[in-house]
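Analysis of the macromolecular model
One letter stands for each residue in the lines below.
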Amino acid sequence: MIDQVLTNPSQTEKATYKTDVAKEKPIRSIAKSISWRIVGTIDTMIISWIVTGHLNTALLIGGVEVVTKMVLYFFHERIWNSVKWGK
């Protein structure tokens, strides 16, 4: 059973950008990245505020991480879309 979870014998074709984009367009990954970062950034700001005790520092940390983590998430999402496991 574990081999069926890890590999799907019916999917013998290699995932390419063209086939990947037909399943989920990059704009969807961008929208998911933005919505997730809003949640994640609010969380980071709250934690930073609690740890530092300074709201300005918390806002600065949140402002920097929102940009870097959106970019990282976009590429992470696109890589996972090319992985056949679990599809």
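The structure displayed is predicted, hence computed values, not measured ones.

Here we take up helix 3 (residues 26-52). Taking 1.5 Å as the rise per residue, helix 3 with 27 residues should run 39 Å; its terminal C-alpha atoms sit 37 Å apart, in good agreement. Those residues of helix 3 that sit buried are Pro 26, Ser 29, Ser 33, Arg 37, Gly 40, Thr 41, Thr 44 and Ser 48. After helix 3 finishes, the residue Gly 53 shows a positive phi value of roughly 80°.

Right, let's get into helix 4 (residues 55-81). Taking 1.5 Å per residue as the helical rise, helix 4 with its 27 residues ought to reach 39 Å, and the 37 Å between its terminal C-alpha atoms agrees with that figure. For helix 4, the full list of buried residues reads Ala 58, Gly 62, Glu 65, Glu 77, Arg 78 and Asn 81.

This next bit is on the packing of aromatic side chains. One pass over the full model with this rule turns up two aromatic pairs. Centroid distance Phe 74 to Phe 75: 5.4 Å. Interplanar angle 80°. Geometry classified as edge-to-face. On the basis of an interplanar angle of 55° and a centroid distance of 6.2 Å, the ring pair of Trp 80 and Trp 85 is categorised as tilted.

Right, let's get into the pattern of salt bridges. For the structure shown, the criterion picks out five salt bridges. With a closest N to O distance of 3.2 Å, Glu 24 and Arg 28 form a salt bridge. Among the residues examined, Glu 24 registers a relative accessible area of 13% and is labelled buried. The shortest N-O distance in the salt bridge between Lys 32 and Glu 24 comes to 3.3 Å. Three or more residues joined by partner-sharing salt bridges are found here, namely Glu 24, Arg 28, Lys 32 and Glu 77.

This paragraph deals with a nonpolar patch on the surface. Side chains of Ile 27, Ile 30, Ile 34, Ile 38, Ile 42, Ile 46, Ile 47, Ile 50 and Val 51 sit close together on the surface and give an oily, nonpolar patch of about 880 Å² of accessible area. As for its placement among the helices and strands, Ile 38 is situated in helix 3.

At a minimum axis distance of 7 Å, the contact between helix 3 and helix 4 shows a crossing angle of 145°. The element helix 3 and its partner helix 4 pack so that their crossing is right-handed. Looking at the contact of helix 3 with helix 4, its residues break down into 13 nonpolar, eleven polar and six charged.

Time to look at the environment of Phe 74. Along the polypeptide, Phe 74 turns up in helix 4. It is 8.6 Å that separates the C-alpha atoms of Phe 74 and Pro 26, two residues lying 48 residues apart in sequence. Ignoring anything within four residues of it in the chain, the contact list for Phe 74 reads Pro 26, Ser 29, Ile 30 and Ser 33.

What counts and how
Residues numbered from 1 in each chain as written. Predicted model: local features only at pLDDT ≥ 70, side-chain atom pairs only at ≥ 80, totals over all residues. Heavy atoms only, no water. Helix = DSSP H or I, 4+ residues; strand = E, 2+ residues; numbered from the N terminus. Expected span 1.5 Å × (residues − 1). Buried < 20%, exposed > 50% of the residue type's maximum accessible area, 1.4 Å probe, protein only. Phe/Tyr/Trp six-rings, centres within 6.5 Å; stacked < 30°, edge-to-face > 60°. Salt bridge = Lys/Arg side-chain N within 4 Å of Asp/Glu carboxyl O. Patch = residues over 30% accessible without salt bridge, like charges linked within 9 Å, V, L, I, M, F, W, Y side chains within 5 Å. Areas by Shrake-Rupley, 256 points an atom, 1.4 Å probe, with all protein chains shown as cover. Axes fitted to C-alpha atoms, helices over the stretch in contact; angles between N-to-C directions. Left-handed = near helix turned anticlockwise from the far one by under 90°. Nonpolar A, V, L, I, M, F, W, Y, C, P; charged D, E, K, R; others polar. Contact = heavy atoms within 4.5 Å.

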